[in-house]
Amino acid sequence: MAPSWRSCLTLFFLFLLASASMAQLSPSFYSLTCPTLPVVVLLRMTQAVLEEPRMGASILRLFFHDCFVNGCDASVLLDDTVTFTGEKNAGPNANSLRGFDVIDDIKSAVELVCPGTVSCADILALAARDGVVLLGGPSWTVPLGRRDATTASQSAANSNLPSPASSLSQLFSAFSAQGLSARDMTALSGAHTIGQARCVNFRSHIYNDANIDADFASQRQQNCPSSGGDNNLAPLDLQTATEFDNAYYQNLVGFQSLLHSDQELFNNGSQDSLVQQYSTDSSTFFSDFAAAMVKMGNIKPLTGSNGEIRLDCRMVN
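The protein is annotated in an unreviewed UniProt entry as Peroxidase of Musa troglodytarum. In UniProt, the protein has this text filed under Catalytic activity (unreviewed entry): "2 a phenolic donor + H2O2 = 2 a phenolic radical donor + 2 H2O".

Chemist: Explain the pattern of salt bridges to me, using residue names and the numbers behind them.
Modeler: Tallied over the entire structure, the rule returns eleven salt bridges. A salt bridge links D79 to R314, with the shortest nitrogen-to-oxygen separation between them at 3.4 Å. Separated by 235 residues along the polypeptide, D79 in the loop between α3 (55-67) and α4 (100-113) and R314 in the segment after α14 (282-297) bring together distant segments of the chain. Given the relative accessible area of 25%, D79 is considered partly exposed. Accessibility expressed as a relative area gives 25% for R314, which makes it partly exposed. Ionic pairing is found between D104 and R314, a salt bridge with its closest N-O pair at 2.5 Å. Residue D104 is found in helix α4, and its partner R314 is found in the segment after α14; the two are separated by 210 residues along the sequence.

Chemist: So what's going on with α14? Residues and values would help.
Modeler: Across its 16 residues, α14 extends 22 Å between first and last C-alpha, which sits within 8% of the 22 Å expected from 1.5 Å per residue. Listed as buried for α14 are T284, F285, F286, D288, F289, A290, A292, M293, M296 and G297. Contacts made by the buried residues of α14 are with α3, α5 (120-134), α8 (182-188), α11 (247-253) and α13 (272-280).

Chemist: So what about the state of the cysteines? Which residues, and what values?
Modeler: One pass over the full model with this rule turns up four disulfides. Through a disulfide, C34 is tied to C114; the S-S separation comes to 2.0 Å. Residues C34 and C114 share a disulfide whose torsion about the S-S bond is about 85°; that sign makes it right-handed. Of this pair, C34 sits in the loop between α1 (2-23) and α2 (37-51) while C114 sits in the loop between α4 and α5, and the two are 80 residues apart along the sequence. Here C34 and C114 have matching classes, each one buried. A sulfur-sulfur distance of 1.9 Å marks the disulfide that ties C199 to C224. Between C199 and C224 the disulfide shows an S-S torsion of about 75°. By sign, it is right-handed. Residue C199 is found in helix α9 (residues 199-208), and its partner C224 is found in the loop between α10 (214-221) and β2 (233-235); the two are separated by 25 residues along the sequence. Taken in N- to C-terminal order, the disulfide-linked cysteines of the protein are connected 1-4, 2-3, 5-8, 6-7.

Criteria and cut-off values
Counting restarts for each chain, with residues numbered from 1 along the sequence as it is written. Predicted model: local features are reported for residues with pLDDT of at least 70 only, side-chain atom pairs are reported and counted for 80 or more only, and whole-chain, interface and lining totals are derived from all residues. The basis for the side-chain values is all heavy atoms of the structure; hydrogens and waters are excluded. UniProt positions are given in the numbering used here, feature names are shortened, and annotations may be inferred rather than shown by experiment. We define a salt bridge as a contact between a side-chain nitrogen of Lys or Arg and a carboxyl oxygen of Asp or Glu at a distance within 4 Å. Runs of E in the DSSP output that reach at least two residues are strands. Runs of H or I that reach at least four are helices, and both are numbered from the N terminus. Buried residues are those whose accessible area, probed at 1.4 Å on protein chains only, stays under 20% of the maximum for their type, while exposed residues exceed 50% and partly exposed ones sit between those limits. In a helix, the anticipated span is given by 1.5 Å times the number of residues less one. By definition in these notes, contact holds between two residues if any of their heavy atoms fall within 4.5 Å. Two cysteine sulfurs form a disulfide in these notes if their separation is within 2.5 Å.

Laid out in C-alpha cells, this is it:
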C-alpha cells in the first residue's frame with residue numbers, strides 16, 4: 001500500500017506542477033499554432049496609426065482599462081445586450097474609450113489565418129505594444145496565453161479605474177490594488193505623453209487648481225469653457241501629442257499638466273525626484289515603462305481552461 005500511496009502522491013504533485021506551468025503566460029505561446037500572429041497585428045496596427053496617429057494612444061488606454069478591471073481578459077470589449085451589462089458604459093469608459101473597431105479588424109485578420117486560436121485579450125496586449133512602438137516608444141516582449149472573459153463588471157470599472165481628479169494617495173491605492181508599485185504607477189502615467197483628453201476631465205484643473213502654469217491654463221481655457229464644451233479635446237502633451245517620448249514629465253516639472261491627477265505626480269510629493277529623472281532621462285523612462293507594461297499585462301489573466309477564445313471580441317461565444 002505504501003509504494004502505491006507514494007506513487008499517487010508523486011503523480012498528484014506532477015499534475016500540480018504541470019497545471020502551474022500551463023497557467024504561465026509565454027511569449028512563444030502561439031509559436032506553433034499561430035506563428036504569423038505578431039506580423040498580422042503589427043500590419044493592422046500600422047495601418048490604423050497611419051490613418052490616425054491618436055489611435056496608438058486609444059488602444060493603449062483600452063488595454064489599461066481592461067487590465068484594471070478583473071485582469072487582462074478582454075472584458076472591456078464586450079457589448080451590452082438585453083441580458084448582459086458590459087463595461088463600455090461605465091463612468092470612466094462611456095463616450096471616452098475608442099479603438100474597438102481596430103481590435104475587431106485585427107481579430108478578423110487573425111481569424112483568417114488562425115481560426116479559433118488567438119484570444120481577444122492577447123490581441124489587445126500585442127496591439128497596445130505595437131501602438132507605442134509605432135509612435136516612437138519602447139518595445140517589450142509580450143507574454144501570451146490569455147483567454148477571454150465570459151463576464152464583465154461595470155461596477156468594478158466604476159470603482160477600480162483612477163479618476164482624473166485623483167490625489168496622489170488615491171493613485172497609490174488604485175495601482176497598489178493591482179499589484180503595481182509607485183514606480184510602476186509613475187512610469188505607466190507616462191502613457192499620457194500621447195493622446196487627448198476631454199474638457200470635462202480637465203476643466204477643474206485649469207480653472208480651480210493653483211499648481212498650474214497660468215499661461216498654460218489660459219491657453220487651455222480657450223477650448224474648454226467653464227461650462228459647456230465637455231467633449232472638446234486637448235492634447236495631454238502639448239509639445240509632441242503624437243510622439244511617445246518623455247515630454248510628459250517635462251510638462252509636469254513645468255506645471256503644464258492637463259490633468260489634476262497627472263500633476264499630483266510632481267507636487268512636492270514622493271514622486272517628484274522620479275519625475276525629474278524621467279524628464280531628463282528618456283532611456284530610464286522607456287525601460288521602466290516597458291517593464292511596468294509587462295507587469296500590468298500579467299494582472300490576473302485567464303489561462304488554461306478558464307474563459308474562452310472568443311470568435312467575436314464584442315460577444316461571448
